[in-house]
Amino acid sequence: MSLWSHELRLFLRQPLAAPLLALLLLLASASVWAGLAEITRQHAAIDRILPQQAADEAAVAAWATREGDAGNVAYYTHYATWDRPSPLAFAALGQRDVAPFVLRIRALALEGQINESEAYNAELALPGRFDWAFVLTYLAPLFIIVLLHDLVSSEREGGRLLLLTVMARSETALWVRRVVLRVGLVILTLVLPLAVGGLLSGAGQPILGMAGLAAAYAVFWALVCVAVERFRLASVTSAATLAAVWLIMTLVLPGLALLAINAAVPVRQGVELTLAQREAVHAGWDKPKEATLAAFFREEPAWRDTAPMRSGFHWKWYYAFQHLGDLSVAEQVRAYRAGLERRNALSGRIGLLLPPVGLQMVLHRLAETDLVAQLAYQDRIRRYHRELRHFFYPFLFREQPFGPADFARAPRWRDSADTPRPPRPGA
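This section reports on the structure supplied with the text.

### A look at the overall build of the protein chain
Working step 1: Each helix and strand in the protein chain was counted, giving 17 helices and two strands.
Working step 2: Against the compact-globule benchmark of 22 Å for 427 residues, the protein chain has a radius of gyration of 29 Å, which places it well outside the compact range.
Working step 3: For the protein chain, buried positions account for 49% of its 427 residues.
Working step 4: Across the protein chain, the fraction of contacts at a sequence separation of at least 24, relative to all contacts at a separation of at least 6, is 83%.
Working step 5: About 20600 Å² of surface is accessible on the protein chain, with carbon and sulfur atoms providing 63% of the total.
Working step 6: Charge separation in the protein chain, taken as the distance between the mean sites of 43 positive and 37 negative side-chain charges, equals 5 Å.

What follows is the structure in structure tokens.
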């Protein structure tokens, strides 16, 4: 223990040691605070939905139910859906930074409502939002490089290396001790703010997984530094070499991988799906009503015995071609989703070769902020939309009156889990 204490005192006497660790601690703490603030904002936005939903329904009910017309109610009522952040989302925001976590839908064609925003590979994109995952992936390696690039070369250039190796009981143990001490302090400065954030957000034991990843990633970069030191380069040359390795591994190669994956797996844009679906819906106005209803009844045979349509407009015909508009792009939607999943799988393979990419993929999976989580949210929206459609169909196809009490019977969106709400940072 005295050897470790001695090494710690020597290390802290270095001019840059304490300031570097303090700066890293400040950056890690700021990233956790920013993540908690963003998650608190998202929780607050979600909590405002239900009162707004009730107010909107009351406004629609005030006039739409006078005639008992369910078509007007289904058309003008927006139903809120939301995806609450997980307790670990503050550390790695991932898709939540760009994909909607609140979506208000109607009982109209759905795919155009879902696919207006894009999903992407957050792990392969250039550095984005400042969160703890950003600090760990991109900034922590630079601090490790600064602390380890001249571990041996500085002693050699100062003429102390020979005396140091002669006085040491074990030369290998000496350098291992110095490397472990520096890397351990870096890990501590990274994990301490994460642990505090985990306590505030109610993350529990899963936070240990992120802490373990931080330790493994720091060890990886320490091994890279040790490997470069083995070439007995000058301190400046060693620092430049390690900086080049950092640049290539964290920015250049992930960017090239993103281009390669996009070229290997072409995927239509979500906006294109939206336009295709809306064109199909708009075309429904010009098709014969009998043909539209016949196509709809093949998909929904339970409503085949509906009363014959009168001339002119009827809501059941309108909602029939809305649903057919979704069906018209169903194959394209499946291809779009398969393409995104294929890209995500390729990103995972890239992560086996590039630790920064692999680290972010695992962090986002633990935080449930990756593409898998976003697609799962979309699947829940589709199931909920189906419930809404089948709630309104009896009123539309059986021509039943829709009264104020029927609003309360409409399907309601439910949280996927009882997610703890983090307190406001600083509270």
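From this point, the narrative continues.
### A few points about helix α11 (residues 235–264)
Working step 1: For α11, with 30 residues, the first-to-last C-alpha span of 41 Å sits near the 44 Å given by 1.5 Å per residue.
Working step 2: At Ile248, α11 is deflected by roughly 40 degrees, the largest bend along its length.

### Considering the packing of helix α15 (residues 330–353) against helix α17 (residues 371–397)
Working step 1: Orientation of α15 relative to α17, taken along the N-to-C sense of each, is 160 degrees, at an axis distance of 11 Å. The orientation of α15 with respect to α17, classified from their angle, is roughly antiparallel. In this structure, the crossing between α15 and α17 has a hand that is left-handed. Contacts from Val333, Arg337, Leu340, Glu341 and Asn344 in α15 reach Leu371, Val372, Leu375, Asp379 and Arg382 in α17.
Working step 2: Of the residues in the contact of α15 with α17, the class split is five nonpolar, one polar and four charged.

### Quick look at a nonpolar patch on the surface
Working step 1: A cluster of nonpolar side chains, namely Leu247, Ile248, Val252, Leu253, Leu256 and Leu259, defines an oily patch on the protein surface of about 510 Å² accessible area.
Working step 2: Of note, Val252 is situated in helix α11.
Working step 3: On the basis of relative accessible area, Val252 is assigned to the partly exposed category, the value being 37%.

### Quick look at the side chain of Thr81
Working step 1: Tracing the chain through its elements places Thr81 in strand β1 (residues 79–82).
Working step 2: Judged by its relative accessible area of 0%, Thr81 falls in the buried class.
Working step 3: A distance of 2.7 Å separates the side chain of Thr81 from the backbone oxygen of Leu103, its partner in a polar contact.
Working step 4: For Thr81, the side chain forms a polar contact with the side chain of Tyr377, separated by 2.9 Å.
Working step 5: Those residues within four positions of Thr81 in sequence are excluded, and the remaining contacts are Phe101, Val102, Leu103, Ile105, Tyr377, Ile381, Tyr384 and Trp413.

### Notes on the pattern of salt bridges
Working step 1: In the structure shown here, the tally under the stated rule is 18 salt bridges.
Working step 2: Here Arg389 ties to Glu300 by a salt bridge, and the two come within 3.6 Å at their closest N and O atoms. Here Glu300 lies in the loop between α13 (289–299) and α14 (315–328) and Arg389 lies in helix α17, a separation of 89 residues in the sequence. Like Arg389, the residue Glu300 is buried in the burial classification.

### Details of helix α6 (residues 132–148)
Working step 1: For α6, spanning 17 residues, the distance from its first C-alpha to its last is 22 Å, which sits close to the expected 24 Å at 1.5 Å a residue.
Working step 2: Its axis deflected by about 45 degrees at Leu139, α6 carries its strongest bend there, up to four residues before the proline Pro141.
Working step 3: In terms of residue burial, α6 counts as a mostly covered element, since 15 of its 17 residues are buried.

### Here's the deal with unusual backbone geometry
Working step 1: Phi is positive for Glu368, which is not a glycine, with a value near 60 degrees.
Working step 2: Positionally, Glu368 belongs in the loop between α16 (355–367) and α17.
Working step 3: Look at Glu399: it is not a glycine, yet its phi comes out positive at around 55 degrees.
Working step 4: Within the element layout of this structure, Glu399 appears in the segment after α17.

### Some remarks on the packing of aromatic side chains
Working step 1: By the definition in use, this model includes 37 aromatic pairs.
Working step 2: Here the aromatic rings of Trp285 and Tyr318 are separated by 5.6 Å at their centres, their planes lie at 55 degrees, and the arrangement is tilted. Taken as a pair, Trp285 in the loop between α12 (270–283) and α13 and Tyr318 in helix α14 lie far apart in primary sequence, 33 residues in all.
Working step 3: Since its relative accessible area comes to 7%, Tyr318 is described here as buried.
Working step 4: Joined through ring pairs, the aromatic side chains of Trp63, Tyr75, Tyr76, Trp285, Phe313, Trp315, Trp317, Tyr318, Tyr319 and Phe321 make up one cluster.
Working step 5: Directly above the aromatic system of Tyr75 lies the positively charged group of Arg106, at a separation of 4.8 Å from the ring centroid.

### Examining the pairing of β1
Working step 1: Alternating residues of β1 divide into Tyr79 and Thr81 and Ala80 and Trp82, and every residue in both groups is buried.
Working step 2: Where β1 meets strand β2 (residues 102–105), four bridges bridge the pair, whose relative direction is antiparallel. Along β2, the bridge assignment pairs Tyr79 with Ile105.

So, how was this worked out
- The written sequence of each chain sets the order in which its residues are numbered from 1.
- At least 70 in pLDDT is required for a residue's local features to be given in this predicted model, at least 80 for side-chain atom pairs to be given and counted, and no such filter applies to totals for whole chains, interfaces and linings, which use all residues.
- Calculated side-chain values reflect all of the structure's heavy atoms, with hydrogen atoms and water omitted.
- For the purposes of this entry, the term helix denotes a DSSP run of H or I that reaches at least four residues, the term strand denotes a run of E that reaches at least two, and both are numbered from the N terminus.
- The globule rule used here is 2.2 Å times the number of residues to the 0.38 power, and the radius of gyration it is set against is calculated over C-alpha atoms.
- For every residue, the accessible area obtained with a 1.4 Å probe (protein chains only) is divided by the maximum for its type, and the residue is called buried under 20%, exposed over 50%, and partly exposed between those limits.
- A contact between two residues is defined here by any heavy atoms of the two lying within 4.5 Å.
- Per-residue accessibility takes into account occlusion by the displayed protein chains alone, with areas from the Shrake-Rupley method and a 1.4 Å probe.
- Positive charges come from Lys and Arg, negative ones from Asp and Glu, while His and the chain ends are left out of the count.
- Just so you know, the charge point we use is NZ for Lys, CZ for Arg, CG for Asp and CD for Glu.
- One fewer than the residue count of a helix, multiplied by 1.5 Å, yields its expected span.
- Each residue is assigned a bend, namely the angle between axes fitted to the seven residues that terminate at it and the seven residues that start at it.
- What counts as an axis is a line fitted to C-alpha atoms, over the stretch in contact for a helix, and the angles between N-to-C directions run from 0 to 180 degrees.
- For classification purposes, an angle smaller than 35 degrees is called roughly parallel, one larger than 145 roughly antiparallel, one from 65 to 115 roughly perpendicular, and anything else oblique.
- Here a crossing is taken to be left-handed if its near helix is turned anticlockwise relative to the far helix by less than a right angle, and right-handed if that turn runs clockwise.
- Classification convention: Asp, Glu, Lys, Arg as charged; Ala, Val, Leu, Ile, Met, Phe, Trp, Tyr, Cys, Pro as nonpolar; all other residues, Gly among them, as polar.
- For patches, a residue must show more than 30% relative accessible area and have no salt bridge; joins then use 9 Å for like charges and 5 Å for nonpolar side chains, namely Val, Leu, Ile, Met, Phe, Trp and Tyr.
- Here a salt bridge means any side-chain nitrogen of Lys or Arg lying within 4 Å of a carboxyl oxygen belonging to Asp or Glu.
- Polar contacts here mean pairs of N or O atoms no more than 3.5 Å apart (in protein, one a potential hydrogen donor and the other a potential acceptor; neighbouring residues in sequence count only if both atoms are side-chain atoms).
- Pairing of aromatic rings covers Phe, Tyr and the six-membered ring of Trp, with a centre-to-centre limit of 6.5 Å; geometry is then stacked below 30 degrees between planes, edge-to-face above 60, and tilted otherwise.
- Over a ring means this: the NZ of a Lys or the CZ of an Arg is within 6 Å of the ring centre and within 35 degrees of the ring normal.
- Criterion used throughout: strands pair if DSSP finds at least two bridges between them.

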